[in-house]
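Read off the chains here:
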Amino acid sequence: MERNHTMMQFFEWHVEADQKHWKRLKERAADLNKAGITALWLPPVTKGQSDQDTGYGIYDLYDLGEFDQKGSIATKYGTKKELLEATTYCQQELGMQIYMDVVMNHKAGADATEKFDVLEVDPDDRTKVLSDEAFEIEGWTKFDYEARDGKYSSFKWDFTHFNGTDYDAATDRSGIFFIVGENKRWNDNVDDEFGVYDYLMFANIDYHHPDVREEVLNWGKWFIEETKCDGFRLDAIKHINYDFVKEFSQTMREEKGDQFYFVGEFWKSDLDACREFLDNIDYHVDLFDVPLHYKLHQASEEGAAFDMRTIFDDTLVQSHPLHSVTFVDNHDSQPEEALESWVKDWFKQIAYGLVLLRKDGYPCVFYGDYYGIDGPHPTDGMKLAIDTLLYARREKAYGEQDDYFDDANVIGWVRKGVEEIERSGCAVLISTSDEAEKRMFVGEERAGETWVDLTNTLDDRIEIDEEGFGVFKVSAGSISVWALPEEDVE
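Since the structure is predicted, the reported quantities are computational estimates derived from the model, not experimental observations. (Residues numbered from 1 in each chain as written. Predicted model: local features only at pLDDT ≥ 70, side-chain atom pairs only at ≥ 80, totals over all residues. Heavy atoms only, no water.)

Novice: I keep staring at empty space enclosed by the protein and nothing clicks. Help me out?
Specialist: To find the voids left in a structure, one rolls a probe of water-molecule size over its atoms. Per the stated rule, a full pass over the model turns up three cavities of 30 Å³ or more. Taken as a whole, the largest cavity holds about 70 Å³ of empty space. If you go around the largest cavity, the residues you meet are Asp 60, Leu 61, Tyr 62, Lys 107, Tyr 145, Arg 148, Phe 155, Trp 157, Glu 215, Val 216 and Trp 219. If one sorts the elements of the lining of the largest cavity by residue count, helix H3 (residues 210-227) sits on top with three residues. The class makeup of the residues in the lining of the largest cavity is seven nonpolar, no polar and four charged. If you count residues domain by domain, the lining of the largest cavity takes at least three from each of domain 1 (7-104 + 210-396) and domain 2 (107-205). As a volume, the second largest cavity reaches approximately 40 Å³. Taken together, Asn 163, Asn 187, Asp 198, Ile 205, Asp 206, Tyr 207, His 239, Ile 240 and Asn 241 make up the full set of residues lining the second largest cavity. Residue classes in the lining of the second largest cavity are distributed as three nonpolar, four polar and two charged. (1 Å grid on protein atoms, 1.4 Å probe; cavity = no way out; pocket = protein on both sides within 12 Å on 5 of 7 lines; lining within 4 Å. Points joined across faces, edges and corners; volume = space filled by probe spheres on them. Helix = DSSP H or I, 4+ residues; strand = E, 2+ residues; numbered from the N terminus. Nonpolar A, V, L, I, M, F, W, Y, C, P; charged D, E, K, R; others polar. Domains from an automatic or database assignment.)

Novice: Even after reading the chapter, I still don't get the sheet that holds strand S14 (residues 261-264), so can you show me in this structure?
Specialist: Two pairing modes exist for strands in a sheet, parallel and antiparallel, and in both the strands are linked by backbone hydrogen bonds. Taken in spatial order, the eight strands of this open sheet run S16-S15-S14-S13-S5-S2-S1-S17, and their pairing is parallel. Edge positions in the sheet fall to strand S16 (324-325) and strand S17 (364-366), since each of these pairs with one other strand and no more. Pairing of strand S15 (residues 286-288) with S16, which is carried by two bridges, proceeds in the parallel orientation. Across the sheet, Leu 287 pairs through a bridge with Ser 324, a residue of S16. Against the sheet, helix H4 (residues 242-256) makes contact with strand S13 (231-234) and S14, and its axis sits at roughly 160 degrees relative to S14, the strand it touches most. (Pairing = 2+ DSSP bridges. Contact = heavy atoms within 4.5 Å. Axes fitted to C-alpha atoms, helices over the stretch in contact; angles between N-to-C directions.)

Novice: How do you make sense of the sheet that holds strand S20 (residues 401-404) when you look at a structure like this?
Specialist: Here six strands make up an open sheet; going across it, the order is S20-S21-S22-S27-S24-S25 and the pairing antiparallel. This sheet does not close on itself; its edge strands, each paired only once, are S20 and strand S25 (462-463). Two strands pair when backbone bridges link them, and S20 and strand S21 (residues 410-415) are joined in this way by four bridges, in the antiparallel orientation. Paired with Asp 403 across the strands is Trp 413, a residue of S21. Contacts between helix H8 (residues 345-356) and the sheet are confined to S21, strand S22 (426-431) and strand S27 (478-483), with S27 contributing the most and set at about 45 degrees to the helix.

Novice: I tried to follow the UniProt feature "binding site: Ca(2+) 2" (unreviewed entry) in the protein chain on my own but got confused; where do I start?
Specialist: UniProt records the feature "binding site: Ca(2+) 2" (unreviewed entry) at Asp 206, using the numbering of this structure. Tracing the backbone through its elements, the reader meets Asp 206 in the loop between strand S12 (203-205) and H3. Residue Asp 206 is classed as buried on the basis of its relative accessible area of 3%. Those residues in contact with Asp 206 that sit more than four places away from it in its chain are His 161, Phe 162, Asn 163, Lys 184 and Val 212. (UniProt positions renumbered as here; feature names shortened; annotations may be inferred. Buried < 20%, exposed > 50% of the residue type's maximum accessible area, 1.4 Å probe, protein only.)

Novice: Can you help me understand the layout of surface pockets in this one?
Specialist: The calculated volume of the largest pocket comes to roughly 760 Å³. What lines the largest pocket is a set of 33 residues, among which His 5, Tyr 261, Asp 286, Gly 361 and Tyr 362 lie closest to the centre. Those elements that provide at least two residues to the lining of the largest pocket are strand S5 (97-102), H4 and S14. Residues that form the lining of the largest pocket fall into these classes: twelve nonpolar, nine polar and twelve charged. Put simply, the second largest pocket is a space of about 520 Å³. Surrounding the second largest pocket, 25 residues form its lining, Leu 200, Met 201, Asp 332, Ala 338 and Leu 339 being those nearest its centre. Mapping the lining of the second largest pocket onto the domain boundaries places at least three of its residues in each of domain 1 (7-104 + 210-396) and domain 2 (107-205).

Novice: Honestly, the UniProt feature "domain: Glycosyl hydrolase family 13 catalytic" (unreviewed entry) in the protein chain in this entry has me stumped. Any pointers?
Specialist: Per the UniProt record, "domain: Glycosyl hydrolase family 13 catalytic" (unreviewed entry) is found at residues 5-393. Counting secondary structure, residues 5-393 comes out at 30% helix and 21% strand; the distance between its end C-alpha atoms is 9 Å.

Novice: What's the story with the pairing of strand S11 (residues 173-179) in this structure? I'm lost.
Specialist: When a strand is regular, its side chains alternate between the sheet's two faces. The buried fraction of S11 is high, at five of seven residues. When strand S7 (residues 112-122) meets S11, the two strands line up antiparallel, connected through four bridges. Counted as the bridge partner of Val 121 is Ile 176 from S11. Looking at chain direction, strand S10 (residues 162-168) and S11 are connected through four bridges and run antiparallel. From the neighbouring strand, Tyr 167 faces S11, where its bridge partner is Ser 174. Hairpin geometry of S10 and S11 is characterised by an intervening segment of four residues between the two adjacent antiparallel strands and by a positive phi of about 55 degrees at Asp 172.

So, in structure tokens, the structure goes:
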């Protein structure tokens, strides 16, 4: 029987810009795989606007750390050679999947400015024009890639390939400027926040332009062949024409096969919006469960006042379990970042139990939670606490699931286990208030077994009675995972 799959986001926003991250990947991959990580989501591997750029200020999609552009040959994370050495090792030696972060909403760090006509629009409603008539600006929209000299692609970007930008170099003024021209318009097949949320940042790629669509599709096929990756994490897809997102995913699967994986960042806490997007793309792309993330954040803030019976209400994993990637935190939700909504430390292991030990969803562990966060607000990693749960996921969390969501502060569930995995099965108990206990049924065939708390929070031994029930315990504000140990205990 195939073991449970678990993804790790192998970066946080403040990973040291020492150009050694691909080396760290190769050094740590075997231990992560042994812990239960089966897939790695890497940060954008393409050249950003500087060697300090996290990768989302995308400059050249064809430069994976190969050309002397934007101050260095390497990206923030290392060279192309180091990247491919690390990913090949992960795939061929460890059997891990590699998912690449793909940024195709905008471009940054242009090589030169151009003059063109624009209309200034209201940042809070991009359908409202603030200027009386079109006027000329000087925008950073010309991308020549002279150092690459046409290798891999001769396509050069100019203002006609974008529909918006945010800076006029001539007047040193920022704003949101809609680029005027033939067939120019904001795309309607995007999120409707701010009137129309086509524009996000930098020079906004115009997916109405046929040459742009063709170039990005060609790049995607080249990128898959060049990196041999197993899937894509699509950045900022609520800002990209969803018809193109669907076309892109279909085209890449035609190139790589139906097993090529897609997960998208559709950052909306509203479940109906997530459902609508999945409908629009015919379910070609899974989504990160942002509604669940916000529920976890809320629960960590409210403590005992939060009703844990509702933790999965209005979440993607509850409504669309086969298309949900569950996560606790990520690089955008960490402290001081754009979407800060950090799950508090006291609740962090509980939150990971909720995503790792249940039957639904494809869970993703955050590098910052595991190894810690650098930057202005450093935090310690919780490797040991998460490793305990990864072990339980890999060895125990299988089979039928029975929920005991019958108390606002004390919830639990049982995974019955499967015959194919010896000694599998577990009972999970969570309390957000006082220490507690709950009687749960694990199966008559378990009668007489002695179970222990895999988190090592409690030293008790729980004996399963002749009817297949155990009275399981949990400490205050904590999680315990009860299971049969690898060796019988006295």
